[in-house]
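What follows is the residue order along each chain.
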Amino acid sequence: MIKKSLKQAILINIGAFLLVFILETLSNLFFRDNFDTSFSFYVHGLNYTVMIMGFIWLNHFVLIPYFLDKKRYFAYGILLIGSMLIFSYLRTKNWSGTSKIFFFLLYTTGAGMAVFFLRRNMIIQKKNEEKEKLQKEMELNYLKEQVNPHFLFNSLNSIYSLSRQQSPETSDVVMQLSELMRYQLESSKKDTVLLKEELEFIENYLLIEEKRLSKRCTIEFLIKGDVLELSIAPMLLIPFVENAVKHGAQSTNEQSTIDISITIKNTTLYVCVVNSKPNMVATSKREGMGLENVRRRLNLLYPNSHVLEIDDMEKLYRVNLSIDLTASVLKNS
């Protein structure tokens, strides 16, 4: 995806460069006799093209993303005008001819910015349409699978077993299951939920699984850092946890382990999920539709602001995920 976007950006800029060169050449055809040779005529057009495109690239790839997009409007205006003056002076080598080049750059920059923002709006609109389509698909899937029958039956069996033993934990497990079902129903209607709520959902899920798996699985769930008021797309982390349970402890009667650590540093979320692998699934394919959907959602909701690494080792399966929670496209839609 990144290589394709980079290739497309390079082709667009090459095309823009050639277009500016052609227009510059055509605009000077009436003055061709003022040049000694055809070579000097084309070199003159090439010099102007390099100057125009150089300034456009400086504006698009440096000034706009690092100043205008970050709402540093005053700094952007000063740097834009200053850059125009510097480019103009370097072209004329004297201040008397600078004004002509300055207004020429002002005109070309305005036209270039109009094209730039038009293209950006088209890209954002396309992403928003894809996000809305994905959201509708998610809502449909939630309506169809809001209650996972397999998980529900296992949880009910655990509750039944605890009740037969007259365990004091029975009421807690019932409450946890109720909270899980409520969260699934409510979160499916939202674009984002509080990170605190997402982590509480995972904790309740693990508590029930821990009861169901009895003593043959050791589960560790650790949270470091302050969640503050950070938000995250709903049900984004649970597939990694479900995957660890399904392909680790649930697939064997051997003693197994699941270690989950959540770390929050400033506005970046770090998630590490590690589970032991029983011998009988050591060579099985681990990544199903669940993880593939998570990859798709991450690429769509947190483009260029997340890193997902999956290590499928002989005895362990590890997932490392980092997300800048302030970079979600949901905040810009």
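Look above for the structure.
Residues numbered from 1 in each chain as written. Predicted model: local features only at pLDDT ≥ 70, side-chain atom pairs only at ≥ 80, totals over all residues. Heavy atoms only, no water.

Engineer: Help me understand the overall build of the protein in this model?
Structural biologist: Broken down by element type, the protein carries nine helices and seven strands. Counting over 333 residues, the protein shows a buried share of 38%. Within the structure as shown, the protein displays about 20200 Å² of accessible surface, and the carbon and sulfur contribution to it stands at 60%. (Helix = DSSP H or I, 4+ residues; strand = E, 2+ residues; numbered from the N terminus. Buried < 20%, exposed > 50% of the residue type's maximum accessible area, 1.4 Å probe, protein only. Areas by Shrake-Rupley, 256 points an atom, 1.4 Å probe, with all protein chains shown as cover.)

Engineer: Is there a simple way to explain the sheet that holds strand β6 (residues 306–312) in this structure?
Structural biologist: Think of a sheet as strands paired side by side through backbone hydrogen bonds, with each pair either parallel or antiparallel. Reading across the sheet, the five strands line up as β2-β4-β5-β7-β6 and stay open at both edges, with mixed pairing between neighbours. The open sheet is flanked by β2 (217–224) and β6, the only strands paired with a single partner. On average, each strand axis in the sheet is tilted by 5° relative to the strand beside it, whichever way the strands run. With nine bridges connecting them, strand β5 (residues 268–276) and strand β7 (residues 316–324) associate as antiparallel partners. Counterpart to N275 in the pairing with β7 is Y317. Running at roughly 165° to β2, helix α7 (residues 195–212) makes contact with β2, β4 (256–265) and β5 of the sheet. In the packing of helix α8 (residues 238–247) onto the sheet, the strands contacted are β4, β5, β6 and β7, and the crossing angle to β5 comes to about 5°. (Pairing = 2+ DSSP bridges. Axes fitted to C-alpha atoms, helices over the stretch in contact; angles between N-to-C directions. Contact = heavy atoms within 4.5 Å.)

Engineer: Before we go on, may I ask you to explain the side chain of S231 in this structure?
Structural biologist: Looking at the element boundaries, S231 is found in strand β3 (residues 231–232). You can call S231 buried: its relative accessible area is 18%. Excluding residues within four positions of it along the chain, S231 makes contact with T192, V193, L194, L195, Y302 and L325.

Engineer: What exactly am I supposed to notice about the packing of aromatic side chains here?
Structural biologist: Working definition: an aromatic ring pair is given by the centre-to-centre distance plus the angle between the planes. Scanning the model with the defined rule gives three aromatic pairs in all. With a centroid separation of 5.1 Å and 70° between ring planes, the pair formed by F41 and Y42 is classed as edge-to-face. The buried category is assigned to F41, whose relative accessible area is 3%. Seen from their ring centres, Y183 and F201 are 4.7 Å apart, and the 25° between their planes marks the pair as stacked. Pair noted here: Y183 is in helix α6 (residues 170–187) and F201 is in helix α7, with a separation of 18 residues, a long-range link. Across this residue pair, the class does not change: Y183 and F201 are buried. (Phe/Tyr/Trp six-rings, centres within 6.5 Å; stacked < 30°, edge-to-face > 60°.)

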